[in-house]
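Below are the chains, spelled out letter by letter.
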Amino acid sequence: MSIQQGDLRSAAQIIADADAVIVAAGAGMGVDSGLPDFRGTEGFWRAYPALSKVGLRFEEVASPATFQSDPRLAWGFYGHRLMLYRRTLPHAGFDILKKWMARAHRPGIVFTSNVDGHFQAAGFDPRVVHECHGSIHRLQCTECATPPWSAHSLFPEIDEEQCRWVGPLPECPSCGAMARPNLLMFWDGDWVSTPYDEQEEHVQQLLSEMKRPVCIELGAGTAIASVRSFTQGVVATHGGKLVRINVREQATDARLGIGIAMGALQALKGIDELL
Ligand SMILES: [Zn+2]
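What counts, and where the lines are drawn
- Residues numbered from 1 in each chain as written.
- Predicted model: local features only at pLDDT ≥ 70, side-chain atom pairs only at ≥ 80, totals over all residues.
- Heavy atoms only, no water.
- Helix = DSSP H or I, 4+ residues; strand = E, 2+ residues; numbered from the N terminus.
- Buried < 20%, exposed > 50% of the residue type's maximum accessible area, 1.4 Å probe, protein only.
- Donors = N, O, S within 2.8 Å, 3.2 Å for Na, K, Ca; no water.
- Tetrahedral: all angles 85-135°; square planar, octahedral: opposite > 155°, others 65-115°.
- Salt bridge = Lys/Arg side-chain N within 4 Å of Asp/Glu carboxyl O.
- Pairing = 2+ DSSP bridges.
- Axes fitted to C-alpha atoms, helices over the stretch in contact; angles between N-to-C directions.
- Parallel < 35°, antiparallel > 145°, perpendicular 65-115°, else oblique.
- Left-handed = near helix turned anticlockwise from the far one by under 90°.
- Contact = heavy atoms within 4.5 Å.
- Nonpolar A, V, L, I, M, F, W, Y, C, P; charged D, E, K, R; others polar.
- Phe/Tyr/Trp six-rings, centres within 6.5 Å; stacked < 30°, edge-to-face > 60°.

Would you mind showing me how to read unusual backbone geometry here?
Trans peptide bonds make up most of the peptide bonds, and negative phi angles are found at most residues other than glycine. The backbone of C163 shows a phi angle near 55 degrees, a positive value even though the residue is not glycine. Mapped onto the elements, C163 comes out in the loop between strand 6 (158-159) and strand 7 (164-165). Unusually for a residue other than glycine, W187 sits at a positive phi of about 50 degrees. Take W187: it is sitting in the loop between strand 8 (179-183) and helix 10 (194-208). Assessed through its relative accessible area of 66%, W187 is described here as exposed.

Spelled out as structure tokens, the structure:
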């Protein structure tokens, strides 16, 4: 039996023993659906060549300051991502997780730093999903305090070569000021987190009822640590075990659980075959 096969077997055992399944996802989860993960500046520029030409890094484009200084560029980037996430199908690993979650004794939860809405698109109950960085499928006003609203009636037209929004910019239905995506950007003190605070409250309630959960952490790197601090916090306070699935950063303290050096889809399929 290879080392990886042994790791998959241990993970399957942990999942079989758990009373509830907690899914915690970072950018690596979307890679198998064909989404870019913006890993490093080079990775970001490969996905957005127009921004490479003007030398703008992800952190610079994804900021409230850019919505003020160059709204057509900022909306060109987010409008493109909105369309990309809408037309991309979540990979088969989502269904595997949904199945494990349904089979467990107690209801499971999802904690995700991804703003793509793919857990909901894959059929997860929206009430068990906490989107810790918000969602690209909601908008908020840049001026007034109107609550965030759905982006479903927004149909971006983008000049992809220039990464620029074409036509009238999205507006707030209450005051007419420019709207922005209701997600956490870099250096973002204006993000309205209320919809996600409500998600968190419900998810925390479910979490408090679990006795020996398994935390399945997928594609969450060390650079943006929200997902990792969540999983480590859950294991520390609620008991249970961590199954960390990560191509490059799989190292895991043996007292917490096990790390598997694989992509999300490959690992989930491998474990599912053993369950
Ligand atoms: Zn407004």
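Still to come is the rest of the account.
How should I be thinking about the coordination of the zinc ion in this particular structure?
Tetrahedral coordination by four donors puts the ideal angle at the metal at 109.5 degrees, and octahedral coordination by six puts it at 90 or 180 degrees. On the protein side, the zinc ion has C141 (SG), C144 (SG), C172 (SG) and C175 (SG) as donor atoms, found 2.3 Å from it. For the zinc ion, the 4 donor atoms are set out with angles of 102 to 115 degrees between them, so the coordination reads as tetrahedral. The sequence motif formed by the donor residues of the zinc ion is C-x2-C-x27-C-x2-C. Judged by relative accessible area, which is 3%, C172 ranks as buried.

Which parts of the structure should I look at to understand the pattern of salt bridges?
Any two side chains of opposite charge can pair, given that their charged atoms come close. All told, the structure shown has 11 salt bridges when counted by the stated rule. The salt bridge involving K98 is made with D95; its shortest N-O contact spans 3.4 Å. Note that K98 and D95 are positioned in helix 8 (residues 93-103) at a spacing of 3 residues, about one turn of the helix. What makes K98 partly exposed here is its relative accessible area of 28%. Between D272 and K99 there is a salt bridge, with the nearest N and O atoms lying 2.8 Å from each other. Linking D272 in helix 12 (residues 264-274) with K99 in helix 8, this pair joins segments that are 173 residues apart in sequence. Because the salt bridges share partners, they merge into one network encompassing R57, E59 and E60.

Where do I start with the pairing of strand 2 (residues 109-112) in this structure?
In summary, the side chains of a regular strand alternate between the two faces of the sheet. Burial along strand 2 is two-sided: the residues I109 and F111 and V110 and T112 are all buried. Relative to strand 2, strand 1 (residues 21-25) is paired through 4 bridges, and the arrangement is parallel. Each bridged residue has a counterpart across the sheet, and for A24 the counterpart in strand 2 is F111. Sheet analysis places strand 2 next to strand 3 (residues 129-131), joined by 3 bridges and oriented parallel. Counted as the bridge partner of F111 is H130 from strand 3.

I would appreciate a short explanation of the packing of helix 1 (residues 3-17) against helix 12 in the present structure.
Any two packed helices are characterised by how steeply their axes cross, that is the angle between the axes, and by the distance between the axes. Where helix 1 meets helix 12, the closest approach of the two axes is 9 Å, and the angle between their N-to-C directions is 65 degrees. Taken together, the axis directions place helix 1 and helix 12 in an arrangement best described as roughly perpendicular. For the pair helix 1 and helix 12, the sense of crossing is right-handed. Residue-level inspection shows Q5, L8, R9, A11, A12 and I15 of helix 1 in contact with helix 12, the latter providing A267, G270, I271 and L274. When grouped by side-chain class, the residues that make up the contact of helix 1 with helix 12 number 7 nonpolar, 2 polar and 1 charged.

How do you make sense of the packing of aromatic side chains when you look at a structure like this?
Here a ring pair, both rings aromatic, is described through the centre-centre distance and the interplanar angle of the planes. Evaluation of the coordinates by the stated rule reveals 19 aromatic pairs. Seen from their ring centres, F38 and F44 are 5.3 Å apart, and the 90 degrees between their planes marks the pair as edge-to-face. Assessed through its relative accessible area of 1%, F44 is described here as buried. Ring geometry for F111 and F230: centres 3.9 Å apart, planes at 0 degrees, overall stacked. Of this pair, F111 sits in strand 2 while F230 sits in helix 11 (residues 226-238); the two residues are 119 residues apart in sequence, bridging distant segments of the chain. The pair F111 / F230 is uniform in exposure class, with both members buried. What links up through ring pairs into an aromatic cluster is the set F38, F44, Y48, F58, F67, W75, F77, Y78, W165, F186 and W187.

Just distances and angles here, no functional claims.
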